[in-house]
Amino acid sequence: MSELTTVARPYAKAAFDFAVETSDIANWQEMLVFAGEVAKNDDIRNLLTGAYASDKLAEIFVGVCGEQLNTQGQNFVKVLAENNRLSALPDISTQFNAFKADYDKEIDVDVTSAIELSAKQLDSMSAALEKRLARKVKLICNVDPALVAGVIIKAGDTVIDGSVNSKLNRLSDALQA
């Protein structure tokens, strides 16, 4: 799977750069999400592994996508077909979304807490994280009663572990040292 991610990155970057240049980011994002879902379909996946000519594959793929792809999107699919990269479309879509989030200065933050957090707590946490990370924050909240109390916050490579379990483990390590 990492091979497809590596293959997908330059295509996603090219599509994103074109979308920025033409001020059409939202439309490109919709097209790539749709095309990525089409590429995930079992019947289409079997078709992509068959021995079809690239122009025939592109024609079939564009036909399945129909009106969801504009002319530039259709040309993009044709380029992918010529380079035997249609199977990378789901990864291209994911990479495109990452480029868009970076461009928009947004980040998804996973918040795991022992109990359901109130709206006031979430607003306060969101404001503090936006200030610390210098980005718009989208909180994705989960509840894990095993934490006992506290929260674990994951934003990209940053992890803030304020759970009671973590504090008890640190205390135990300090006492044993």
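Residues numbered from 1 in each chain as written. Predicted model: local features only at pLDDT ≥ 70, side-chain atom pairs only at ≥ 80, totals over all residues. Heavy atoms only, no water.

Digging into the overall build of the protein
Cut-off, in case you're wondering: Numbering of helices and strands runs from the N terminus, with a helix taken as a DSSP run of H or I at least four residues long and a strand as a DSSP run of E at least two residues long. A radius of gyration in this sense is built from C-alpha atoms; the matching globule rule multiplies 2.2 Å by the number of residues raised to 0.38.
Assigned secondary structure in the protein consists of eight helices and four strands. Walking the protein from its N terminus toward its C terminus, one meets helices and strands in the order α-α-α-α-α-α-β-α-β-β-β-α. Relative to its length of 177 residues, the protein is extended, with a C-alpha radius of gyration of 22 Å against a globular reference of 16 Å. Principal axes of the C-alpha set define a box for the protein whose edges measure 70 × 35 × 30 Å.

Side note on the packing of aromatic side chains
Condition: Pairing of aromatic rings covers Phe, Tyr and the six-membered ring of Trp, with a centre-to-centre limit of 6.5 Å; geometry is then stacked below 30 degrees between planes, edge-to-face above 60, and tilted otherwise. Burial status follows relative accessibility: with a 1.4 Å probe on protein chains alone, a residue under 20% of its type maximum counts as buried, one over 50% as exposed, and anything between as partly exposed. By definition here, charges over rings are those cases where NZ of Lys or CZ of Arg is within 6 Å of the ring centre and within 35 degrees of the ring normal.
Tallied over the entire structure, the rule returns five aromatic pairs. Aromatic side chains Phe16 and Phe96 sit 5.4 Å apart centroid to centroid with 70° between the ring planes, which places their arrangement in the edge-to-face category. With Phe16 in helix H1 (residues 2-21) and Phe96 in helix H6 (residues 89-103), this pair connects stretches of sequence that are 80 residues apart. Take Phe16: its relative accessible area is 5%, and that puts it in the buried class. Classification of Phe96 by relative accessible area gives buried; the value is 0%. What links up through ring pairs into an aromatic cluster is the set Phe16, Phe96, Phe99 and Tyr103. The lysine or arginine in question, Lys13, covers the ring of Phe99, its NZ or CZ lying 5.4 Å from the ring centre.

Here's the deal with H6
Two residues of an α-helix separated by three or four positions point the same way, owing to the 3.6 residues in each turn. For clarity, the threshold we go by: What a helix is expected to span follows from its residue count: subtract one and scale by 1.5 Å.
For H6, with 15 residues, the first-to-last C-alpha span of 21 Å sits near the 21 Å given by 1.5 Å per residue. All buried positions along H6 are accounted for by Leu89, Pro90, Asp91, Ile92, Ser93, Gln95, Phe96 and Lys100. Downstream of H6 by one or two residues, Lys105 has phi in the positive range, about 55°.

Remarks on a nonpolar patch on the surface
Cut-off, in case you're wondering: Residues enter a patch when their relative accessible area is above 30% and they make no salt bridge; the linking distance is 9 Å between like charges and 5 Å between nonpolar side chains (Val, Leu, Ile, Met, Phe, Trp, Tyr). Shrake-Rupley sampling with a 1.4 Å probe provides the accessible areas, and residues are treated as covered by the protein chains on show and by no other component. Salt bridges are identified by distance alone: a Lys or Arg side-chain nitrogen within 4 Å of an Asp or Glu carboxyl oxygen.
Taken together, the side chains of Leu168, Leu171 and Leu175 define a hydrophobic patch exposed on the protein surface, amounting to about 330 Å² of accessible area. By the element assignment, Leu175 lies in helix H8 (residues 164-176).

Focus on empty space enclosed by the protein
Short version of the rule: Cavities and pockets are found on a 1 Å grid laid over the protein atoms alone: a cavity is a set of points where a 1.4 Å probe fits but cannot escape, a pocket is an open set with protein on both sides within 12 Å along at least five of seven lines, and a lining residue has an atom within 4 Å of such a point. Grid points are joined across faces, edges and corners, and a volume is the space filled by probe spheres set on the points.
Going through the model one piece at a time under the given rule, you end up with one cavity of 30 Å³ or more. Space inside the largest cavity adds up to approximately 40 Å³. Taken together, Trp28, Met31, Leu32, Ala35, Leu69, Gly73, Phe76 and Val77 form the lining of the largest cavity. Elements that contribute at least two residues to the lining of the largest cavity include exactly helix H2 (25-40) and helix H5 (71-82). With four residues, H2 is the single largest residue contributor to the lining of the largest cavity.

Regarding the nonpolar core
Which entries qualify depends on this criterion: Grouping buried Ala, Val, Leu, Ile, Met, Phe, Trp, Tyr and Cys residues that are joined through side-chain atoms within 4.5 Å yields what is termed a nonpolar core. Contacts: residue pairs with any heavy atoms within 4.5 Å of one another.
Ranked by size, the top nonpolar core spans 32 residues in total, and within it Phe61, Phe76, Leu86, Leu89 and Ile92 carry the most contacts. Of all the elements in the fold, those that place two or more residues in this core are H1, H2, helix H3 (42-48), helix H4 (54-65), H5 and H6. Those residues in contact with Ile92, other than ones at most four positions away along the chain, are Ala8, Tyr11, Ala12, Leu32, Phe76 and Leu80. Ranked by size, the runner-up nonpolar core spans ten residues in total, among them Val109, Leu117, Val137 and Ile153.

Brief notes about the packing of H4 against H5
For clarity, the threshold we go by: Here an axis means a line fitted to C-alpha atoms, over the contact stretch when the element is a helix, while the angle between two N-to-C directions is reported on a 0 to 180 degree scale. Whether a crossing is left-handed or right-handed is set by the direction in which the near helix is turned from the far one by less than a right angle, anticlockwise for left-handed and clockwise for right-handed. Any residue that is not Ala, Val, Leu, Ile, Met, Phe, Trp, Tyr, Cys, Pro, Asp, Glu, Lys or Arg is counted as polar, Gly included; the first ten are nonpolar and the last four charged.
Their axes nearest at 8 Å, the elements H4 and H5 cross at an angle of 145°. Taken as a pair, H4 and H5 cross one another with a handedness that is right-handed. Note on element contacts: H5 touches H4 through Gln74, Val77, Lys78, Ala81 and Glu82, opposite Ser54, Ala58, Phe61 and Val62. Among the residues making up the contact of H4 with H5, the classes are represented as five nonpolar, two polar and two charged.

Quick look at the sheet that holds strand E4 (residues 158-161)
This is how the line gets drawn: Any two strands between which DSSP finds at least two bridges are classified as paired.
Spatial ordering of the open sheet is given by E2-E1-E3-E4, a layout of four strands whose pairing is mixed. Because the sheet does not close on itself, it has two edges, and the strands there are strand E2 (136-143) and E4. Within this sheet the neighbouring strands show an average axis-to-axis angle of 15°, counted without direction. Pairing geometry for strand E1 (residues 106-113) and strand E3 (residues 151-155), over four bridges, is antiparallel. Of the residues in E3, the one forming a bridge with Ser113 is Val151. Helix H7 (residues 119-133) contacts E1, E2, E3 and E4 of the sheet and is inclined by roughly 135° relative to E2.

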